[in-house]
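Architecture and fold: a report
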Amino acid sequence: MALEPLLPAAGPEDNAELRDMTRRFRISMLLTLPLLWPMLGEMLPAVDPMRWLDHRVIAWAQLLLATPVVLWGGWPFFVRGWQSLLRRSPNMFTLIALGAGAAWSFSLMATLLPGALPASFLMASGEPPLYFEAAAVITTLVLLGQVLELKARSQTSSAIGALLKLAPRIAHRSAAGGEEDVDVAQVRIGDLLRVRPGEKIPVDGKVVEGESHVDESMLTGEPAPVRKGIGDKLSAATINGSGSLLMVAEHVGAETLLSQIVQMVSEAQRSRAPIQRLADAVAAWFVPAVVGTALLSALAWALIGPPPQFAHALVVAVSVLIIACPCALGLATPMSIMVGVGRGAHEGILIRDAAALESLEKIDTLVVDKTGTLTEGRPSLQKVVAAAGFDENEILRLAASVESVSEHPLARAVIAGAQARGIVPAPVAGFDSDAGLGVWGTVGGRHIGVGNPRLLQAQRIDASALMPQADAERVGGATVIFVVVDGRLAGWLSVADAIKTTTPEAVRALKAAGIRVIMLTGDHAATARAVGDRLGLTEVVSDVLPQDKAGIVKRLQAQGRWVAMAGDGINDAPALAQAQVGIAMGTGTDVAMQSAGVTLVKGDLRGIARAVQLSRKTMRNIRQNLFFAFVYNALGVPVAAGALYPLFGILLSPMMASAAMSFSSVSVIGNALRLRKVRL
């Protein structure tokens, strides 16, 4: 095969190799059909051309028809066969070139120098046999197989590349002088863009004005439009509803989510699954073994076969070479991987490579981060409680000031809560943070700390006066954040993060699939237990420091578990990389997605259950293909070598061997394409 492009084309795909193979196949087929006339005459004597034409005339006619088919139509196979010998890695093209080349070369000699052939090559009529039609049919059928394979690959790639065409070409850029229409390629980060009702979002960005519902089904597979307001993210090529939106561009060109999806899927489709090593190992010795079998079979027929011995020997050798062509073996894994990865993309499941797809099948344990994975990841401020001597609004202002520099989801909840109360955060100096404790800095000359109980322990601050109330809040499922001012406990804030509506269904589906689900969280045990109880999770690990998540995954792996880790934050990245399969939420951070083998575009945990089903069905499909390919060759080679001749007088012709070989390849391709229709 020719090299595939790194990315599918956004416009009409110009597959030069497919066009070339199709042209070769069509012309070869037209030239091959007349060659079947003499073969038909053997079964229907009334139309046998041998009754009307001299053997020499028919031989020259077949030579003129078969030569363009073999030497022009089959030229790519001879080139690849020769290259495989130079690389010392014989493959399917080696066998095709040897088989078709031997049949054509013998027939050429029989036509040009019939008198040079020994009697053991001649038929009862005294004329040498001709195999021009066998060489031509072999070439034409292999060309047909190549065309079908290239079309299957092209359809899978174009289905992904078609997503690129969904992106609009024009954007309405808003400037001081009004709006102007510009090509999307000219949009820059920070540009303000107007999206009118019914239009497609031009690039990735954020809403700064207006409200609407956006159809994101082309990315997530979910048909229900999603409400978008100020601050909400927008993705390129999704469709705006009835409202008008003003957005700021944040990712353009190849950096948009759509482009990254296409690139990730394209790379995954070209990757190799570990199971492919089995096929590679077999292929390494298979081709030399076939050549040896063909030579031994030919020798046996030449020594002890019925007359004409040498003619039968040639037929057997060519038949063995052709029927044993490992086309199906070579297609078994990559075709299923390509179709499976493409199927996942249409479900909003982005698989980084074939190894991740294969590993998903073996998953028996899922470790899942709570915030942003089981929950919405959009916590909101619920309560502010001040200690004696402090004011609620004042501690909220101080906390929001320090949190304004943090990227943590809880920080955004505190800031949003302060803004809702009309509180404006103050500038902060000397900001620092520790993912296991919290954040701190100086506001108006006062040292402010905001964090969890470990922050209080680290600073040896007594929280006993407020702890009973805080514990009661945690039991309800809220997260409690303590505020320290100049070394004194000033109060606490409670923040709650709603459980995603789809999470309970996802947990049930995962358990039904036999997967053990473990929740990890940095929250207090009471908060974690409350969330676990709502979801029916019996294994909950709380008070987990970010650096400990990867260690928990390692311990599970040491117990012999095959672990998947699902998370969305920067602090999840080490655990995602440690797990056999890392699963990132598409709504999370770029670092998490880069560390993961699988990304769920919508951030919906049900996608994990679908991804596991996709992996299991894809791997089953691959095993079916490999089984068929092995069984086909195990049965086909003895038949081609003449194993049925002593019992039934049946000797397989090279044309039938070629047809059987092509059928095996088409069967594998057809089986792989079934994955496009599987239910997940």
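An account of the accompanying structure is given in this report. (Residues numbered from 1 in each chain as written. Predicted model: local features only at pLDDT ≥ 70, side-chain atom pairs only at ≥ 80, totals over all residues. Heavy atoms only, no water.)

A few words on the overall build of the protein chain. Per the secondary structure count, the protein chain includes 25 helices and 22 strands. Across the 680 residues in the protein chain, those meeting the buried criterion constitute 51%. Taking the contacts inside the protein chain whose residues are at least 6 apart along the sequence as the reference set, 70% of them involve residues at least 24 apart. Of the accessible surface of the protein chain, which amounts to about 29,600 Å², a share of 60% is contributed by carbon and sulfur atoms. (Helix = DSSP H or I, 4+ residues; strand = E, 2+ residues; numbered from the N terminus. Buried < 20%, exposed > 50% of the residue type's maximum accessible area, 1.4 Å probe, protein only. Contact = heavy atoms within 4.5 Å. Areas by Shrake-Rupley, 256 points an atom, 1.4 Å probe, with all protein chains shown as cover.)

With that settled, consider the sheet that holds strand E1 (residues 170-175). The antiparallel open sheet is built from six strands, whose spatial order is E2-E1-E3-E9-E4-E7. One side of each edge strand has no neighbouring strand; the edge strands of this open sheet are strand E2 (178-183) and strand E7 (233-234). Sheet topology note: the strand E4 (residues 204-209)/E7 ladder contains two bridges and is antiparallel. Its bridge partner lying in E7, Lys-206 is registered against Lys-233. (Pairing = 2+ DSSP bridges.)

What follows covers unusual backbone geometry. At the junction of Pro-307 and Pro-308, the peptide bond is cis and its omega measures out at -10° in the coordinates. Secondary-structure assignment places Pro-308 in the loop between helix H9 (276-304) and helix H10 (309-323). In this structure, Asp-543 takes a positive phi of about 50° despite not being glycine. Take Asp-543: it is sitting in the loop between strand E19 (540-541) and helix H20 (546-558). Residue class for Asp-543 comes out partly exposed when judged on its relative accessible area of 35%.

Looking now at H10. The α-helix winds at 3.6 residues per turn, so residues separated by three or four positions along the chain end up facing the same way. Over its 15 residues, H10 runs 21 Å from end to end, which matches the ideal 21 Å to within 8%, given 1.5 Å per residue. By the criterion of burial, H10 is predominantly enclosed, with 13 of the 15 residues buried. (Expected span 1.5 Å × (residues − 1).)

So, on to the side chain of Asn-240. Looking at the secondary structure, you find Asn-240 in strand E8 (residues 239-240). Residue classification places Asn-240 among the buried positions, given a relative accessible area of 3%. Reaching out from Asn-240, the side chain makes a polar contact with the backbone oxygen of Arg-196 at a distance of 3.2 Å. Other than its neighbours up to four places away in sequence, Asn-240 contacts Val-195, Arg-196, Pro-197, Gly-198, Glu-199, Ile-201, Ser-212, His-213, Val-214 and Leu-245. (Polar contact = N/O pair within 3.5 Å; in protein donor to acceptor, adjacent residues only side chain to side chain.)

Attention now goes to the pairing of strand E11 (residues 365-369). For E11, the tally of buried residues reaches five of five residues, placing the bulk of the element in the interior. Burial along E11 is two-sided: the face carrying Thr-365, Val-367 and Asp-369 and the face carrying Leu-366 and Val-368 are both buried. Pairing of E11 with strand E20 (residues 563-567) involves four bridges; the strand directions are parallel. Counted as the bridge partner of Val-368 is Ala-566 from E20. As defined by bridge partners, E11 adjoins strand E18 (residues 516-520) across five bridges and the pair is classed as parallel. If you follow Thr-365 over to E18, its bridge partner there is Arg-516.

Right, let's talk about helix H18 (residues 503-512) for a bit. Inspection of H18 places Thr-503, Ala-506, Val-507 and Leu-510 among the buried residues, and these make up the whole buried set. Taken around the axis of H18, the buried residues stretch over an arc of 100°, which confines them to a single face. Pointing more than 90 degrees away from the buried face of H18 are the exposed residues Arg-508 and Ala-512. Summarising the contacts, the buried residues of H18 are in contact with E11, helix H13 (370-374), E18, helix H19 (525-535) and helix H23 (606-640). Gly-514 sits one or two positions beyond H18 and adopts a positive phi of about 80°. (Arc of directions from axis to C-beta.)

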